[in-house]
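# Structure assessment
Chain residues, written in single-letter form:
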Amino acid sequence: MVLVAVAGAALPLTRPHDHQPAPATTAAPRTLTADPAKTVSGGLITISGAGCTPGRTVSFGLRWDAGAPLSPTMTQRKEQLNPPATAPTAGSRDLTTTTALATGTFTVKATVPADVTIRAPTLWARCPAPDTTNLLTQSVLIQINNP
């Protein structure tokens, strides 16, 4: 009996009500917004979103399809008597990068390149998705209205 008492004394005492389960963690919902959603070539936008792996790089850019409507600047209109109405080819431009916060969220300011005159390009964000080796790409349309 003494051996049982010694063995029992070496074990930590726990009671069912003393154990607190770890709080459940959930990934941030996947979101992407641009503010303002309407801008001009050379304009500054704030890009915010969620759903990325914390601490990992988030890349941002613009893309468009061939035939996308253009919004030429006043200078382009003066230089070209009849500027094209649509993009002759598909294209894309990288904008910037940032690092996702511990919550998987991100916010960054980016300037729309002055030579991008696509009327409604797709703004994209790309990052490693949580709990996977896949890349997560989210997108939202913005509008470029040049005077």
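Our subject in this report is the structure included herewith. (Residues numbered from 1 in each chain as written. Predicted model: local features only at pLDDT ≥ 70, side-chain atom pairs only at ≥ 80, totals over all residues. Heavy atoms only, no water.)

## With respect to the overall build of the protein chain
- Counting secondary structure elements, the protein chain contains two helices and nine strands.
- Reading the protein chain from its N terminus to its C terminus gives the helix and strand order α-β-β-β-β-α-β-β-β-β-β.
- Classification of the 147 residues of the protein chain by burial places 33% in the buried group.
- Look at the contacts in the protein chain between residues 6 or more apart in sequence, and 69% of them connect residues 24 or more apart.
- As displayed, the protein chain offers around 9500 Å² of accessible surface, 58% of which is attributable to carbon and sulfur atoms. (Helix = DSSP H or I, 4+ residues; strand = E, 2+ residues; numbered from the N terminus. Buried < 20%, exposed > 50% of the residue type's maximum accessible area, 1.4 Å probe, protein only. Contact = heavy atoms within 4.5 Å. Areas by Shrake-Rupley, 256 points an atom, 1.4 Å probe, with all protein chains shown as cover.)

## A look at the nonpolar core
- By size, the foremost hydrophobic cluster in this structure holds 26 residues, and its most contacted members are I47 and V58.
- Elements with a contribution of two residues or more to this core: β1 (31-35), β3 (44-50), β4 (57-64), β6 (106-111) and β7 (122-128).
- Ranked by residue count, the leading element in this core is β4, at four residues. (Core = buried A, V, L, I, M, F, W, Y, C linked by side-chain atoms within 4.5 Å.)

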